Every structure is written in C-alpha cells, then in structure tokens.
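So the chains spell out like this:
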Amino acid sequence: MASSSGPALNEELQCSICLVTDPVTTPCGHNFCRTCLSKCWTDTQTCFCPLCKDKFSRRPDLKINTTLREVAQHFKEKLNLGESEVFCDVCDEIKQKAVKSCLTCPSSYCETHLEPHLRVPRLKKHKLINAVENLEDYICQKHERPLELFCRDDQTCVCLSCTEGEHRTHNTVPIEEESREKKNHLAKRHTDFHQMIQDRMKKIQEIRHSVELRKRNTEEEKFSIVELFTDLICSIERCQSEQLKMMEEQQKAAEKQADNLIKELQQEITELKRRNTELKRRNTELEQLSHTDDHLHVIQMYSSLYSRPHTKNWTEIRIDSGVSNVNSLIRALTELKKTQETLKEKLSKTELKCVQKFAVDVTLDPDTANPDLILSDDGKQVSDGGIMQDVPENPKRFDKVSCVLAKQGFSSGRFYYEVQVKGKTGWGLGVARESINRKGAITASPEGGLWAVILRNENEYKACDDPSVSLSLREKPEKVGVFVDYEEGLVSFYDVESRSHIYSFTGQTFTDKLYPVFNPHTNDEGKNLNPLIITPVR
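As a starting point, this report considers the structure included with it. What you are looking at is a predicted structure, and each value in this text was computed from that prediction instead of being measured. (Residues numbered from 1 in each chain as written. Predicted model: local features only at pLDDT ≥ 70, side-chain atom pairs only at ≥ 80, totals over all residues. Heavy atoms only, no water.)

### What about the sheet that holds strand β5 (residues 100–102)?
Part 1: Taken in spatial order, the three strands line up as β6-β5-β7 in an open sheet, and their pairing is antiparallel. With partners counted over all chains shown, the strands left at the sheet margins are β6 (107–109) and β7 (128–130), one partner each. Strand-to-strand twist of the sheet, defined as the mean angle between neighbouring strand axes without regard to direction, takes the value 35°.
Part 2: Examined bridge by bridge, β5 and β7 share three bridges and lie antiparallel to one another. Residue pairing for β7: S101 is matched across the bridge by I129.
Part 3: Helix α4 (residues 111–119) contacts β5, β6 and β7 of the sheet and is inclined by roughly 110° relative to β6. (Pairing = 2+ DSSP bridges. Helix = DSSP H or I, 4+ residues; strand = E, 2+ residues; numbered from the N terminus. Axes fitted to C-alpha atoms, helices over the stretch in contact; angles between N-to-C directions. Contact = heavy atoms within 4.5 Å.)

Okay, here's the thing in structure tokens:
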C-alpha cells in the first residue's frame with residue numbers, strides 16, 4: 001500500500017525547490033518551503049511564484065500551512081524519507097538492501113535473490129511490492145495470505161480466504177482500487193482545503209477593503225458634519241453678536257433720550273419755580289391793591305399772572321422698558337430657527353449622498369411574487385394586474401399579500417436602493433426578513449419581520465413601526481431611497497428628489513437575511529396602475 005500511494009503523494013508534498021518542511025501557500029495556491037521562497041525573493045523588487053510565475057503587487061504575508069506541514073511530516077516519517085532500510089532475508093554473510101518484498105513467500109529480496117521471482121513461472125505469480133520493513137502488516141494474520149482486498153463494510157484490508165468466510169457477503173474491492181479512491185479523495189480534500197483557504201483569504205481582503213472604505217466614508221461624513229455644524233455655530237454667534245449689539249445701541253439710545261427728557265424737565269421746573277416766586281410777589285401787591293378802588297389794575301395783573309407757562313404734557317411720555325428687545329429677540333430666534341431648518345436640510349442632503357455610496361443592483365424574484373402581480377422581463381418593475389396569474393406553486397410565494405421580494409438578500413454590511421413611485425396612490429417599500437410569513441396575512445411591523453413605509457389613499461403616509469407612525473411630508477415623493485445598516489440595526493427612507501429624510505427604524509436587531517420588499521398595492525380601479533420601478537442610483 002505504501003508503494004502504490006507513496007510516489008504520487010510524495011510529489012504532492014514537495015515544493016518545486018525541495019521537499020516541503022515549513023510549507024507556506026502563495027496567493028496563486030502553490031506550496032513552497034518558507035526558507036526556499038524567502039531565498040527566491042532575496043534581492044528582488046518583484047515577488048512571483050517560482051512555479052507558475054504569477055507576479056504579486058506586494059510581498060505576501062506568508063504564514064505556515066500547519067495542516068500541510070503535519071501531513072508532510074507524517075508522510076516523511078512513514079516513508080523514512082523515501083530510503084529503504086530493509087535487508088534481504090536470503091543473504092547469509094553481508095546483508096544486501098532489499099528491493100522487493102514478496103507477500104506470498106513472505107520475504108524480502110535483494111536484486112540477486114529476486115531473480116527467480118522474475119524468471120520462474122510459478123514465482124512470477126507471487127505478489128511483489130517495494131521492500132517494506134513491517135512485512136507482517138501486509139499479511140493476513142489469520143490465513144497467512146496477502147491482504148489484496150479491502151472490505152468497505154468493515155473498512156479493513158482482507159485476503160481472499162477472508163472473503164470466503166466472515167466477509168463473504170460484504171462489499172470488497174481490490175486494494176489498488178480502494179487506494180486510488182482514497183488518493184483521489186485525499187486530493188479532493190486537499191483541493192477543498194485549498195479552496196477554503198483561498199475563500200478565507202479573499203474574505204479577509206473583502207473585510208479589510210470594507211473597513212478601509214468605511215473609514216474613508218466616515219472621514220467624509222465627519223468633514224461634512226463638522227462643516228454644517230460650524231455654519232450653525234457661526235450663525236448662532238453672528239445672531240448673538242448682532243442681537244447684543246442692537247440691545248446695547250437701544251440701551252444707549254434710551255439713556256440719551258432719558259437725559260434729554262430730564263434736562264427738559266429740569267428746565268421746566270426752574271421756569272415754574274421762577275413763575276411761582278413771581279406769583280408770590282404779585283399776590284402781595286394784589287393784596288395791597290385790594291384796599292383801593294383800582295379794579296382795572298387788579299384785573300390786568302391777574303391776567304398776566306394766570307396765563308399758563310409753555311410746558312409739555314408729560315402724561316404719555318415714557319422710556320421704553322425693553323419689551324421691544326424681547327420682541328426683537330423672538331424675531332432673531334425665529335430667523336435662527338429658519339437657519340437651523342436650512343442646515344438640517346443640508347444635513348439630510350449630505351446624509352443621502354453618503355448612503356448612496358452603498359448602492360446595490362436589485363432585481364425582483366418571480367418565485368416570491370403574489371399571483372396578482374405582473375413583473376417586467378428585466379425584473380425591475382412590478383404592478384398589480386387585477387387578476388390572478390397562472391404561476392407555479394412555490395413555498396416562497398406570497399399568496400395573500402401583494403408583495404414580491406428581491407433576489408438579492410443581505411446578512412451583513414450596508415446597502416441602498418431606489419424605487420420610483422411617481423403617479424401612484426398607494427405603495428409599500430422596505431425590507432423583510434427571510435423568515436417572514438409568505439402564506440396568509442402578515443403583521444406589518446418589525447415584530448412581524450417587516451420594516452416598511454407605505455402610502456394609502458393617495459396622501460396618507462405611514463411607517464409600519466410598532467405602533468405605526470403617521471408621517472407628514474412637505475412634498476409627495478416621486479422616488480424613494482431605502483438604506484440598511486445591518487450591524488447598526490438601522491433602516492432609513494429618503495425622498496430622493498428633495499434629498500430629504502422620511503423616516504428611520506433605529507436600534508433594531510437583525511438575525512435573518514434581509515430582502516428588499518415591494519408592494520405596488522391594488523390598481524385602485526385604474527388610479528394606481530403605475531408600476532414600482534427599481535431605478536439606477538445616480
């Protein structure tokens with residue numbers, strides 16, 4: 001058995017430079033000794049495979065293939081490095097190395113004593129193999145005959161006598177046939193392991209690429225967010241500065257007005273005091289004249305003294321208490337709120353631009369489509385036909401709800417797609433988990449395996465949350481974008497044309513694969529005939 005499988009496997013366990021000791025696998029799939037490969041790449045700018053000459057853009061990070069190393073070590077121990085230390089059983093004095101062992105005799109022979117087995121007809125029928133030390137392992141211990149067959153029922157080697165006894169009804173094949181099959185199986189296993197290694201190396205590259213892409217996107221998003229909030233802070237600071245400056249100016253104006261009024265009042269007080277003194281003096285004169293008959297003079301003095309001084313009516317004159325400042329502040333805050341709304345709108349546009357980078361190509365899966373739905377040949381459009389189509393039975397098909405899933409499912413990462421809903425009075429869009437109920441009614445909520453936004457009766461928008469949320473949209477969306485971050489537990493919807501945010505399901509936990517889901521709703525007596533159209537992301 002060792003001789004039949006040894007040479008072929010020995011070739012497999014050699015690199016193109018030497019026998020494998022510390023095997024490493026290159027990206028092209030070939031195995032070499034770590035030391036030999038390192039020597040080949042010494043003093044060279046370009047790394048390449050010594051066997052197929054494939055060039056590598058950068059020096060691969062080589063790691064020991066532990067499985068292959070153990071197989072090689074075991075094989076070398078089994079074959080004792082391919083060198084026979086078996087001696088001839090016939091030589092008397094100086095033992096010569098045996099070249100063949102006879103399973104029929106059973107003995108090992110050097111080239112000289114092997115000659116009869118190659119010449120004598122009776123001996124030529126004996127079973128010869130490459131010289132082996134443990135010859136008894138190749139002989140049936142019960143019948144002392146060569147182990148020439150393999151019992152597949154008991155998974156053991158047997159002789160011809162065994163097949164006439166306890167193995168008589170068992171499935172036995174020649175040992176060479178079983179050896180070839182096991183070699184083929186081993187080779188296939190080797191190929192499978194190699195493919196698994198390649199797949200995992202590829203996955204490592206994908207993960208590294210995804211992390212690098214996410215890092216770049218995060219940096220871009222951070223820059224956009226910082227830029228927007230810097231604008232907001234500048235607007236707040238500018239508004240604050242302008243408001244404080246205005247308030248200071250108004251305060252100074254009020255103080256100046258007060259000073260002027262006080263001066264004017266003081267002048268009037270001085271004048272009134274003078275008039276009062278004059279009046280007091282004249283009153284004394286009038287009292288003296290009252291004892292005379294000079295009545296005309298008394299009347300004239302009265303008229304000159306009783307005339308009112310030229311003074312203001314101060315009843316309605318007041319200094320502004322600052323209420324106007326409060327009103328002004330309210331106006332400023334209103335303007336600031338408008339600024340915030342503008343910045344919020346810009347933020348939504350930036351957010352949509354970021355998620356659009358994760359666009360995927362989505363096509364409809366006819367095996368899941370409700371029988372009432374009509375799909376386009378390219379799998380990009382779906383509408384309600386009004387009548388049940390003749391479609392094959394399928395466990396994946398929705399039989400009551402007018403839904404269809406995409407062919408593409410996602411169990412990790414982030415993805416985004418856009419759907420035209422223009423001219424429709426009803427529709428539903430979002431994602432559904434793979435295990436969502438396909439037969440009968442479904443629960444339109446995350447608990448039921450659905451994350452969706454719907455339109456009913458032309459202008460009633462709702463998010464199928466738990467409980468459902470009525471949405472008030474400033475504009476009627478004509479194209480809706482759907483974004484999912486699987487690890488983050490996020491499903492967001494956007495109005496693509498106005499580049500505004502519609503709704504987000506946050507803090508979700510996904511375990512199933514998620515599929516885009518589409519519901520065009522009934523045709524509403526011809527009012528809702530327009531199809532849902534999966535459109536390319538610009």
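### What to know about the packing of aromatic side chains
Working definition: an aromatic ring pair is given by the centre-to-centre distance plus the angle between the planes.
Part 1: For the coordinates displayed, the defined rule picks out nine aromatic pairs.
Part 2: Measuring from centroid to centroid gives 4.0 Å for F410 and F415, while their planes differ by 15°, and the two rings are stacked. Residue F410 shares its accessibility class with F415, and that shared class is buried.
Part 3: Put simply, the rings of W451, Y486 and F510 touch in pairs and so form one group of aromatic residues. (Phe/Tyr/Trp six-rings, centres within 6.5 Å; stacked < 30°, edge-to-face > 60°. Buried < 20%, exposed > 50% of the residue type's maximum accessible area, 1.4 Å probe, protein only.)

### Focus: the side chain of K424
Part 1: Structurally, K424 is set in the loop between β14 (414–420) and β15 (427–433).
Part 2: D384 provides the closest opposite charge to the buried, salt-bridge-free K424, at an N-O distance of 8.5 Å.
Part 3: Among the polar contacts listed, one links the side chain of K424 to the backbone oxygen of N530, at a separation of 2.6 Å. (Lys, Arg positive; Asp, Glu negative; His and termini not counted. Salt bridge = Lys/Arg side-chain N within 4 Å of Asp/Glu carboxyl O. Polar contact = N/O pair within 3.5 Å; in protein donor to acceptor, adjacent residues only side chain to side chain.)

### A closer look at the pairing of strand β19 (residues 479–485)
Part 1: Among the seven residues in β19, seven count as buried, and that is most of the element.
Part 2: In β19, alternate side chains face the same way, and those of K479, G481, F483 and D485 on one face and V480, V482 and V484 on the other are all buried.
Part 3: As paired strands, β14 and β19 are joined by seven bridges and run antiparallel to one another. Bridging from a neighbouring strand, F415 pairs with V484 of β19.
Part 4: Here β19 pairs with strand β20 (residues 490–495) via six bridges, running antiparallel. Pairing of V482 across the sheet is with F493, part of β20.

### What about the sheet that holds strand β10 (residues 172–174)?
Part 1: The sheet built from three strands is open, its strands ordered β9-β8-β10 with antiparallel pairing. Strands at the two margins of the open sheet, each flanked by one partner only, are β9 (156–158) and β10. Shown here is a sheet whose adjacent strand axes are inclined to one another by a mean of 35°, direction ignored.

### Quick word on the environment of A131
Part 1: Inspection of the secondary structure puts A131 in the loop between β7 and β8 (149–151).
Part 2: A sequence separation of 45 residues divides A131 from V86, and the C-alpha atoms of the two residues are 6.4 Å apart.

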